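# Examination of the molecular architecture
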There are 4 protein chains.
Amino acid sequence: MAFSTLLASSLRPTLAALHWAACRQCRGLSTPQGSEPSLNLGGIFPPLATPFSPTQEVDYAQLEGNLHRYASISFRGLVVLGSNGEYPYLASRERVEVVSCVRRALPRDRLLLAGSGCESTQATIEMTASMAEAGADAALVVTPCYYRGAMTTAALVHHYTEVGDASPIPVVLYSVPANTGLDLPMEAVITLAQHPNIIGIKDSGGDITRMALMVHKTRQEDFQVLAGSASFLLASYAVGASGGVCALANVLGDPLCQLDHLCRKGQWQEARDLQYRLIEPNMAVTRRFGIPGLKKAMEWFGYYGGPCRAPLAPLSPAQVEELRSTFSANGWL
Amino acid sequence: MAFSTLLASSLRPTLAALHWAACRQCRGLSTPQGSEPSLNLGGIFPPLATPFSPTQEVDYAQLEGNLHRYASISFRGLVVLGSNGEYPYLASRERVEVVSCVRRALPRDRLLLAGSGCESTQATIEMTASMAEAGADAALVVTPCYYRGAMTTAALVHHYTEVGDASPIPVVLYSVPANTGLDLPMEAVITLAQHPNIIGIKDSGGDITRMALMVHKTRQEDFQVLAGSASFLLASYAVGASGGVCALANVLGDPLCQLDHLCRKGQWQEARDLQYRLIEPNMAVTRRFGIPGLKKAMEWFGYYGGPCRAPLAPLSPAQVEELRSTFSANGWL
Amino acid sequence: MAFSTLLASSLRPTLAALHWAACRQCRGLSTPQGSEPSLNLGGIFPPLATPFSPTQEVDYAQLEGNLHRYASISFRGLVVLGSNGEYPYLASRERVEVVSCVRRALPRDRLLLAGSGCESTQATIEMTASMAEAGADAALVVTPCYYRGAMTTAALVHHYTEVGDASPIPVVLYSVPANTGLDLPMEAVITLAQHPNIIGIKDSGGDITRMALMVHKTRQEDFQVLAGSASFLLASYAVGASGGVCALANVLGDPLCQLDHLCRKGQWQEARDLQYRLIEPNMAVTRRFGIPGLKKAMEWFGYYGGPCRAPLAPLSPAQVEELRSTFSANGWL
Amino acid sequence: MAFSTLLASSLRPTLAALHWAACRQCRGLSTPQGSEPSLNLGGIFPPLATPFSPTQEVDYAQLEGNLHRYASISFRGLVVLGSNGEYPYLASRERVEVVSCVRRALPRDRLLLAGSGCESTQATIEMTASMAEAGADAALVVTPCYYRGAMTTAALVHHYTEVGDASPIPVVLYSVPANTGLDLPMEAVITLAQHPNIIGIKDSGGDITRMALMVHKTRQEDFQVLAGSASFLLASYAVGASGGVCALANVLGDPLCQLDHLCRKGQWQEARDLQYRLIEPNMAVTRRFGIPGLKKAMEWFGYYGGPCRAPLAPLSPAQVEELRSTFSANGWL
């Protein structure tokens, strides 16, 4: 029986839907100023790691296996081919196939956000269209960055406006300075928030002042701010973020959904205790050991990790040990 | 009638004390793990601007005038000669005199934290002793930074251990990378938190993940974490900080104490709305326009601002206009 | 009559060959330690701008026109699809077609270095093979950079070793931190210089100490160091570099070849006077105004410039004026 | 017999004077555009390390001993209390005493450049006057940096203009971003070069394009550019610098003066071979191991090194070993 059938026959999505509806009343998180967002991004999204076979081919069977395991976790949806999906290492064709595969396995009530950013505006428009056709609910569009010295506010506003105009699906901005060396400027975010087809931003920079200011300055718009990392998820919720796209959710999906739940219910003390235990594991699978660390940790929690594509290198035994002790010291192993 | 007499005869400190006692029950902020801190740093501290006359002499009368005006605000205490006090522009003698002057004017129930950091360990030890003698309750010791390439974790731990050992008063670490180009490393903080005479840190870097991790990793110690800027005060409280040392408190002391109060009571929604309105004014009097901007804004709110010492330059008329519009756009003017 | 025929019937290449042979005796530049390099990279290479039509299609006719105009300049060769060729904006197919087009137009005694770097090792290997097939004499392989936190010395050595092993043509390393946010580490360069199929590096970082150290530490190898920008060309020659890949050579090819010539002959005083006049124009067409500035300046010197692909934006009239005055103030217009 | 007497009775200064006179004819370095500089800074200056006793007191006897040993080296002069002199760790009184001590020991034909920079303009003016009184020939004034965000071109031009106006001795600008986190902006340098009492700059940043452009843009002025480090000395001379202030000259004074000599005579090939061997030792006593490394290396070459003031920490045995091997691998030990 296929994964999607399994899911369709379960009650979990329905329960989850009730859960979210109930939580709209929770006083913990900020309530929208006016009408509901066109596409509710509230909740946790794992940015899926892309499984490769030992020969570094995309392993679709393992991908479906992981999706099956994630089905019992109350994620709001999935990000496919974000930075943690090694998208720069996939050919255009592969990028679309991976999204198609995930869409087939994913129940319709789960959102599929597909990374579609390319360096040129034209290529981004085309990739976004392909992602829409492959079933994505929204496109996650990373800032072009190779010519970062020329990526002025004006240039970026123009780029995203063109993409937003052309896209058949809503667009989510994506700022990830650790990878791009570029912060999408605040003025650009505020301007772009007014575009009817641009509905939010994933910000991975970790500057909480910037997060708060983005929420504040876009409150009149149909625009949602997502934390780009588990390390500052509670703080982001505290200043008004709607959800989080967290690499660590590939490994510790349930605790992250629980943290989301506690914040929504205003149980900040419990939330804080949970947040504390997630910081070091999160830093280990992002800044410290990157995707090779993320995939290694996934294996300890029952998921398929496998190799990365080169030039990303596997961890040394000493690094594996350090990674493992980070998880055990915080009570996860 | 002197300022200190005025304060002594009022009931305000007593009320404030009751207020804090009550708030220990508030569920909003984290409760200490074990016993009470040796010196409770919970609350808001303005890092006093140092008033200069038109000829750039320290103006002690204006300093007392400002202290008088601050007396009605429920600050936990004052920081004297932090970065906003232009301490690098004061001679050693002047630094001690300013602290003595403030001590005379300040009621004993308000804490006086005096900046005593110098580049060399020996000079820091001597300045800290002078500050203690001048009446400081604790010393705020900025990281030495000129040889930042050599300021390893080991060197900094040694420096602060020597200072902590020698100091007659408790020591608060001070990390302010915008000025020093140096983050006090996390490992150093964790090690130094175990020193019996090192009771906390003021961190102005704004990295909320780091703030959370510092709270988490020092919870077993008599150690408190203070946010070094108003921009991320709410978020810092959300992750367990004890208080804030905020340049903006020279200007908007009451709203900042109100924000502190809301967070302690767990009224996060109201806190958030207030926090939003404080970010842009805070950025304007720190990163954007610095101390000249801070002093200009102080004048609009009834305090003495006056000139900075050179090479800090006064704002241009256009900059004054921009500064003013930042305050008015957020409803403060 | 085609460009290649024109060139074939001229004597210029032969004269140029004589010129270089004579210059081997020049005492100005360093002589190789032992045997001659397998592929002599000594001299100036313009990193060709890629001409686009008003609709942003590759304009092959204009490309051939520019090549025709460059034929009278004593370049050592051309770089095709370096950073200034907007390679991240070209599809794989376009990248190969552009190289094929240039190869057809270029006489065999001019070197064609083709940019073939991709993010993944496998894609880089494939693109390098395609470039070889399209007629490139060597491949210029930029550092992969999206996961820069994971691009350790070991990972980069592994990447380039795989590429060098697989490549049918010699490989030139390419470090351009302004675009990639990544310096190829010195240890990696020294190790890779020993690979028989890795023959040099283009370094655009401008750190002259690093340039000197690279020359020094690879002197026993068949390895040549190329300056990646006209701003520090003379200084690079002074510390032993073999040549330069200079964006400004798209505009001021003759003066750059003259600078090369003066350095080789040891006429440092004249070289210095020429170098001085090239710095500001070079900064204007690189760091200051980027490729849109480069293409605009090309038009003033008789070349086709045309638009860039989006999101690179055209200069404003004020920027054009500033660019122009930089060239005129230095006596070029 | 005192050191100064020894020097006065020797012929060495006279020979050195002849040497420099002869070299004015050398075609290697650039000749001044018009008249001679008011104070010729051409040549090598060691920025003296300040000797401390085991109890970290200034050790004047060891200082004189080192000066005695330096007397046989054809330095143009000495820098006293530059960054390598640990000036931020000396009290004002000590700074003046050290300069007085050096002046007494130094023959009048050697230049004494004294570091007099402080954070405030007023303190810098006073310290500069004290240095003049103590016998300094010129003042080396580092950029104030604690409020680096506010140190705009305008603020810095104002600061240095005030200092230049007030100073009884010529002023040399000093930009050392590794310590200050601040590059003195090019526009500030160009403007300040026109001040009649500002005669040059020591630039330690190592950006050779900037060095060349500074020489180029100030050629009409009485202004000389000094390289701030031995690593890029040859390259700086190649682009027109007048001399060098090199930490390594505390250790390898003769080779650096020889490099200066070779560059002046236009013997670039020999110069290059010497430059290569100096880079790694220089990096080891600056960026890599800092002043503790510099002082350790001094001991191997017959000078007094001794401890640094805390918080600068002594090298570990492993670091000493690494430092030593750097010198031996380059043929100096």
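### Observations regarding the overall build of chain A
What chain A contains, in helices and strands, is 14 helices and eight strands. Within chain A, the proportion of its 333 residues that are buried is 64%. Sequence-distant contacts, at least 24 apart, represent 74% of the contacts inside chain A between residues at least 6 apart. Per element, the accessible surface of chain A, about 11,300 Å² overall, is 54% carbon and sulfur.

### Side note on the environment of M131(D)
Assignment of secondary structure puts M131(D) in helix α5 (residues 121-133). Dropping the residues within four chain positions of it, M131(D) is found in contact with L81(D), R95(D), V96(D), V99(D), A114(D), G115(D), S116(D) and A136(D).

### Thoughts on the interface of chain A and chain B
Taken together, the contacts link 32 residues of chain A with 32 residues of chain B. Buried area between chain A and chain B, both sides added, is near 2,700 Å², and the carbon and sulfur share of it is 54%. By the criterion of area lost to chain B, the three top residues of chain A are T209(A), R272(A) and Y276(A), representing 23% of everything that side buries. Residues K217(A) and E280(B) are paired through a salt bridge, measuring 3.0 Å at the closest nitrogen-oxygen approach. Applying the counting criterion to the chain A and chain B interface returns ten residue pairs in polar contact (both at pLDDT 80 or more). Listing elements by their share of the side of chain A that touches chain B, those giving two or more residues are α9 (208-217), α10 (233-238) and α12 (268-288) of chain A. Sorting elements by how many residues they give to the side of chain A that touches chain B places α12(A) first, with eight residues. For the side of chain A that touches chain B, a count of residues per class yields 15 nonpolar, eleven polar and six charged.

### Notes on the pairing of strand β2 (residues 77-80) of chain A
Judged by which residues are buried, β2(A) turns out to be covered on both faces: G77(A) and V79(A) on one side and L78(A) and V80(A) on the other are all buried. One crossover worth recording links β2(A) to the parallel strand β3 (residues 111-115) of chain A by way of helix α4 (residues 92-105) of chain A, and it is right-handed.

### A word on the relation of the copies chain D and chain B
Least-squares fitting of chain D to chain B yields an RMSD of 0.0 Å, with the superposition described by an axial translation of 0.0 Å and a rotation of 180°. Taken together, the rotation angle and the small translation identify this as a two-fold axis. Identified as the residue of chain D closest to the rotation axis by C-alpha distance is G181(D), at 3.3 Å. Here 100% of the contact residues of chain D are again contact residues in chain B; the copies associate through an equivalent surface.

### Section: the sheet that holds strand β6 (residues 198-203) of chain A
Residue and element names in this part refer to chain A. Taking strand neighbours across the sheet as the criterion, the eight strands line up as β1-β8-β7-β6-β5-β4-β3-β2 in an open arrangement whose pairing is parallel. Both edges of this open sheet fall to β1 (43-45) and β2, since each of them pairs with a single strand only. Across the sheet, the mean angle separating the axes of adjacent strands is 25° when strand polarity is ignored. Here β6 runs beside strand β7 (residues 224-227); their pairing, made up of four bridges, is parallel. Bridging across to β7, D203 finds its partner in A227. Strand contacts of α9: β5 (171-175), β6 and β7, with the helix running at about 160° to β7, the strand carrying the most contacts.

### A few points about the environment of G164(A)
Residue and element names in this part refer to chain A. Inspection of the secondary structure puts G164 in helix α6 (residues 153-166). Note: C-alpha distance between G164 and P196 (32 residues apart in sequence) is 8.2 Å. Contact partners of G164, with chain neighbours within four places excluded, come to V171, H195 and N197.

### As for the pattern of salt bridges
Residue and element names in this part refer to chain D. On inspection of all chains with the given rule, the structure shows 48 salt bridges over all chains. The partner of D203 in a salt bridge is R210, with the nearest N and O atoms 2.8 Å apart. By relative accessible area, which is 1% here, D203 ends up buried. Note on R210: relative accessible area 8%, which makes it buried.

### Things to note about the packing of aromatic side chains
Centre-to-centre distance and the angle between the planes together describe a pair of aromatic rings. Residues and elements named next belong to chain B. Taken as a whole, this structure holds 30 aromatic pairs over all chains when the rule is applied. With a centroid separation of 5.7 Å and 50° between ring planes, the pair formed by F301 and F327 is classed as tilted. Of this pair, F301 sits in the loop between α13 (290-300) and α14 (317-329) while F327 sits in helix α14, and the two are 26 residues apart along the sequence. Under the relative-accessibility criterion, F301 is labelled partly exposed at 23%.

### Overview of the pairing of strand β4 (residues 138-142) of chain B
All names here are of chain B. Summarising burial for β4: five of the five residues are buried, a large majority. Residue alternation in β4 divides its side chains into two sets, A138, L140 and V142 and A139 and V141, and both sets are buried. In this structure, strand β3 (residues 111-115) lies alongside β4, joined through three bridges in parallel fashion. Following the sheet pairing, G115 is matched in β4 by L140. After leaving β3, the chain enters helix α5 (residues 121-133) and then returns to the sheet as β4, a path that is right-handed. For β4 and strand β5 (residues 171-175), the ladder comprises four bridges, and the chain directions are parallel. Pairing of A139 across the sheet is with V171, part of β5. As a crossover connection, the stretch from β4 through helix α6 (residues 153-166) into β5 is right-handed.

### Looking at helix α11 (residues 253-265) of chain B
All names here are of chain B. Over its 13 residues, α11 extends 18 Å from the first C-alpha to the last, a length consistent with the 18 Å expected when each residue adds 1.5 Å. By the burial criterion, the buried members of α11 are G253, P255, L256, C257, L259, D260, L262, C263 and R264. Downstream of α11 by one or two residues, G266 has phi in the positive range, about 80°.

### Focus: the sheet that holds strand β4 (residues 138-142) of chain D
Residue and element names in this part refer to chain D. Spatial ordering of the open sheet is given by β1-β8-β7-β6-β5-β4-β3-β2, a layout of eight strands whose pairing is parallel. Strands with a single pairing partner mark the edges of an open sheet, and in this sheet they are β1 (43-45) and β2 (77-80). The mean inter-strand angle of the sheet, taken between neighbouring strand axes irrespective of direction, is 25°.

### Some remarks on the environment of L233(B)
Inspection of the secondary structure assignment puts L233(B) in helix α10 (residues 233-238). Spatially, the C-alpha atom of L233(B) lies 7.9 Å from that of G243(B), the residues being ten residues apart in sequence.

### Regarding the packing of α4(A) against helix α5 (residues 121-133) of chain A
Packed helices, taken two at a time, are described by the angle their axes make and the gap between the axes. Residues and elements named next belong to chain A. Axis separation between α4 and α5 bottoms out at 9 Å; the angle between their running directions is 30°. Between α4 and α5, the crossing angle belongs to the class labelled roughly parallel. Judged by the twist between their axes, the crossing of α4 over α5 is right-handed. Seen from α4, the contacting residues are S92, R95, V96 and V99; seen from α5, they are M127, S130 and M131. In terms of residue class, the contact of α4 with α5 is built from four nonpolar, two polar and one charged.

### Some remarks on the confidence of the model for chain A
Residue and element names in this part refer to chain A. Model confidence for chain A is summarised by a mean pLDDT of 91, while 89% of its residues fall at 70 or above. Of the regions scoring below 50 in pLDDT, residues 1-28 engages in 38 contacts with residues more than four places distant in sequence or in other chains. Of the two predicted TM-score estimates for the complex, the pTM is 0.92 and the ipTM is 0.90.

### Digging into unusual backbone geometry
Residue P311(A) is bonded to the preceding A310(A) through a cis peptide linkage, with omega at 15°. Positioned with a positive phi, E86(C) is a non-glycine residue whose angle comes to about 55°. With respect to the helices, strands and loops of the structure, E86(C) is situated in the loop between β2 (77-80) and α4 (92-105). Accessibility expressed as a relative area gives 0% for E86(C), which makes it buried.

### Focus: the relation of the copies chain A and chain B
For the pair chain A and chain B, the relating rotation is 180°, the translation along its axis is 0.0 Å, and the fit reaches an RMSD of 0.0 Å. Same-surface contact between copies: 100% of interface residues of chain A are shared with the interface of chain B.

Thresholds applied
- Residues numbered from 1 in each chain as written.
- Chains lettered and ligands numbered in written order.
- Predicted model: local features only at pLDDT ≥ 70, side-chain atom pairs only at ≥ 80, totals over all residues.
- Heavy atoms only, no water.
- Helix = DSSP H or I, 4+ residues; strand = E, 2+ residues; numbered from the N terminus.
- Buried < 20%, exposed > 50% of the residue type's maximum accessible area, 1.4 Å probe, protein only.
- Contact = heavy atoms within 4.5 Å.
- Areas by Shrake-Rupley, 256 points an atom, 1.4 Å probe, with all protein chains shown as cover.
- Buried area = accessible area lost by both parts, 1.4 Å probe.
- Salt bridge = Lys/Arg side-chain N within 4 Å of Asp/Glu carboxyl O.
- Polar contact = N/O pair within 3.5 Å; in protein donor to acceptor, adjacent residues only side chain to side chain.
- Nonpolar A, V, L, I, M, F, W, Y, C, P; charged D, E, K, R; others polar.
- Right-handed = clockwise from strand over helix to strand, strands pointing away.
- Least-squares fit on C-alpha atoms with pLDDT ≥ 70 in both.
- Pairing = 2+ DSSP bridges.
- Axes fitted to C-alpha atoms, helices over the stretch in contact; angles between N-to-C directions.
- Phe/Tyr/Trp six-rings, centres within 6.5 Å; stacked < 30°, edge-to-face > 60°.
- Expected span 1.5 Å × (residues − 1).
- Parallel < 35°, antiparallel > 145°, perpendicular 65-115°, else oblique.
- Left-handed = near helix turned anticlockwise from the far one by under 90°.
- pLDDT = per-residue confidence, 0-100.

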